[in-house]
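Fold and contact review
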Amino acid sequence: MTKVLSVSAVDRGFAGRQVLKNVSFDVTAGRMTGFVGANGAGKTTTMRIILGVLAADAGEVTWDGRPLTRSERQSFGYMPEERGLYPKMSAREQVVYLGRLHGMSAADAKRGADEMLERVGLAERADDKLETLSLGNQQRAQVAAALVHGPEMLVLDEPFSGLDPMAVDNVVTVLRERARAGASVLFSSHQLDVVERLCDDLVIIADGTIRAAGEREALRDQYARRQFELAVDSDLGWLRDRPGTTLTDLDGRRAVVELEDGADDQELLRDALARGPVRTFRPVVPTLAEIFREVTR
Amino acid sequence: MSRQLSNWEATRLVTARELKVKIRDKTFLISTGFLLVFAILGTVVPSLIGGGATSVAVVTGAATEQLTAAGLEVREVADAAEAERLVRDGDVDSALVGGVVLALDDEPGDVVSALSVSPEVRLLDPDAINPGLAFLVPYLFAMVFFFTSLMFGLQIAQSVTEEKQTRIVEILVSSVPPRVLLAGKVLAGALLAFGQIGLLALVAIAGLRLSGSEQDNGVSLLNLLAPAIAWFLPFFVVGFVLLAAMWAVAGALVSRQEDINSVSTPVQLAVMLPFFGTIFLSDNKPAMTIMSYIPFSAPIAMPVRLFTGDAAGWEPFASLGVLALAAAGMLVIAARLYEGSLLRTNGKTSLGAAWRSSEKLSV
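So, here is what we can say about the structure in this document. (Residues numbered from 1 in each chain as written. Chains lettered and ligands numbered in written order. Predicted model: local features only at pLDDT ≥ 70, side-chain atom pairs only at ≥ 80, totals over all residues. Heavy atoms only, no water.)

1. Looking at the overall build of chain B
The cut-off we apply is this: The secondary structure listing takes helices from DSSP runs of H or I that are at least 4 residues long and strands from runs of E that are at least 2 residues long, numbered from the N terminus. When a residue's accessible area, from a 1.4 Å probe over protein chains only, is under 20% of the maximum for its type it is buried; when over 50% it is exposed; and in between it is partly exposed. A contact between two residues is defined here by any heavy atoms of the two lying within 4.5 Å. Where accessible areas are quoted, they stem from the Shrake-Rupley method and a 1.4 Å probe; at the residue level, only the protein chains shown are allowed to cover.
Across its full length, chain B holds 15 helices and 4 strands. Within chain B, the fraction of its 363 residues that count as buried is 44%. Excluding contacts between residues fewer than 6 apart, the proportion of contacts in chain B whose partners are at least 24 apart in sequence is 67%. Here chain B has roughly 18,000 Å² of accessible surface; of this, 65% comes from carbon and sulfur atoms.

Encoded structure:
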């Protein structure tokens, strides 16, 4: 029943430079999918192709198993990386206008705009001209504009850049609500800590190719390097000479070690206990930043 | 909650927004206000300065009917002394006293001619336009078309560039096709231009009526101009669309308002050359005939030829057909260039690049 947006084998070049090579990944309804990559890796081009603003040279984007139509795309919510609204119009007016361009009736658009502006915390400034708002508040208006028509699919290119931490929390809450209500949310960011906190699924792109894609936890397991943190009361220098173990970090009584394939982690623990009390023994889960570095290397 | 918009519905939304923004724009309101004030001044003030009908004081009974029939303001007085006093005080322009016309410092020509017997005049070519009008009318059509297509055309270009400059364009094209944006802007520009001209014409006609000069020249001038104006309207609208499409492309090629000038030279020439051409060559019949079939100058040259009676009955239809084809062709070309340049938000786009890259856009 859950709708899936599939990007399949998409290629795209600009003036002889190949920007996307065989890009494929899925965005599942009701989940937040983080899209991570360095500047110029192809995130924006991919998102533009999903929205139909750019055409793919090869490959296709399907929605619920069928190629996307223009009317389905029109129901999507989009926040481009290079963004802005009309400076001389009030926030409310342009959110209403964009709602209507997405096919809402005048009354629905008004109601939707008021509701969204309230949600993003801009209700009090809604009638001010956009150019008089602070950049952060303009950004909130952008979020409201992307969400006003209650889209089933949200594509947000760097939605958190330029937001203060309070506004980030605010927007995160709104996006989570949308996802819980069944919408698919694809968002890119280079703030890896925010992505880590927010996403259910993860897509990593580098040099126009997808390097990793899937559930965040599955990716963590996949890229977990059998590392363990060990803290004891005495010195840990003996780890240097222990077979099947590579010491990655040693700080007196605390160490991080990597076990070779087939080496038993419990045996390591027993060795440590034989030398005295053990305070900490736990697997080290890779952070998103570490996975990112690993797959884009 | 939302549904697919038809292109026409989307175009109407775009048009409505453009109109709303413009109608609230102070610069636009003030300039329109100034134009209207000038129209009133131009029509009412001359007759005020002229002082309306000449007033003449007569001793009761003498030639009153004859003078009234000539449209003069007749004031009956008791005797010759009072008539002279009224002239000296400036209460009347002249007086008729015992067969002598009194006036202060200027011979009252209309009183004299009302009292004289003129020979019968028979015009051999009664339809010929008087030379003053023959100069004025081409000038009038050329001015109206020139200023509106320059002013409203430039505004279309600015509105296109504004959407690129503020980056809202990418959100817009993700929900409606670029050619809908183009159509909405051209339509809004045409409506505004047409509305402003209409308002101006209404005020000018009302001014002529109010000032009471209709008897001598207002209405007869309007009657004389009516067929040419009736043809000018469709030519104006179609000609405006042709130029508006070009202005929109100029606006789409650049990403900053300051750069519009550097790419709009071809459009400016397409506006200016016909303007000067039709004014300077207005009595050169072969030149006017050629210009009345060139799409850019046809909106001025053909109505002028109709006014001077030089065009055959079928000619405006043929010329309007050529113009409509040119406008339709320009819209198709402009739509492609517009699509190809709208999302290039870095610097200037060349026409060639715009033409080629629109194939890569999917919408």
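2. A short note on unusual backbone geometry
All names here are of chain A. Positioned with a positive phi, Asn 22 is a non-glycine residue whose angle comes to about 50°. In this fold, Asn 22 is placed in strand 2 (residues 17-28). Residue classification places Asn 22 among the exposed positions, given a relative accessible area of 53%.

3. Considering the sheet that holds strand 2 (residues 73-77) of chain B
Strands in a sheet are paired, the pairing made by backbone hydrogen bonds, and the direction either parallel or antiparallel. Residue and element names in this part refer to chain B. Our working rule: Here, strands pair whenever DSSP counts at least two bridges between them. The axes are straight lines fitted to the C-alpha atoms, using for helices just the contacting stretch, and the angles between their N-to-C directions are given from 0 to 180°.
Ordered in space as 2-1-3-4, the 4 strands form an open sheet in which the pairing is mixed. Of all the strands in the sheet, just strand 2 and strand 4 (100-103) have a single pairing partner and so form its edges. Geometrically, the sheet is characterised by an average inter-axis angle of 25° between neighbouring strands, direction not taken into account. Looking at chain direction, strand 1 (residues 55-59) and strand 3 (residues 94-97) are connected through 3 bridges and run parallel. What sits directly across from Val 58, in strand 3, is Leu 96. Where helix 4 (residues 80-89) meets the sheet, it contacts strand 1, strand 2, strand 3 and strand 4, and its direction lies at approximately 160° from that of strand 3.

4. Observations regarding the pattern of salt bridges
Residue and element names in this part refer to chain A. Let me state the cut-off plainly: Salt bridge, as used here: a side-chain nitrogen of Lys or Arg that lies within 4 Å of a carboxyl oxygen of Asp or Glu.
Overall, the coordinates contain 33 salt bridges over all chains when judged by the stated rule. For Asp 169, the salt bridge identified is with Arg 197, shortest N-O distance 3.7 Å. Taken together, the residues span a long stretch of sequence, with Asp 169 in helix 6 (residues 165-180) and Arg 197 in helix 7 (residues 192-198) at a distance of 28 residues. According to the relative accessible area criterion, Arg 197 is partly exposed, its value standing at 45%. Among the ionic pairs, Arg 254 bridges to Glu 229, the shortest N-O distance being 2.9 Å.

5. Quick look at the environment of Asn 7 of chain B
Note the following rule: Any pair of N or O atoms that falls within 3.5 Å is considered a polar contact. Within protein, one atom must be able to donate a hydrogen and the other to accept it, and sequence-neighbouring residues count only if both atoms are side-chain atoms.
If you trace the backbone, Asn 7 of chain B turns up in helix 1 (residues 7-23). Residues Asn 7 of chain B and Val 176 of chain B, spaced 169 residues apart in sequence, show a C-alpha to C-alpha distance of 7.9 Å. When near neighbours in sequence (up to four residues on either side) are disregarded, Asn 7 of chain B contacts Arg 70 of chain A together with Pro 177, Arg 179 and Val 180 of chain B. A distance of 3.3 Å separates a polar atom in the side chain of Asn 7 of chain B from a polar atom in the side chain of Arg 70 of chain A.

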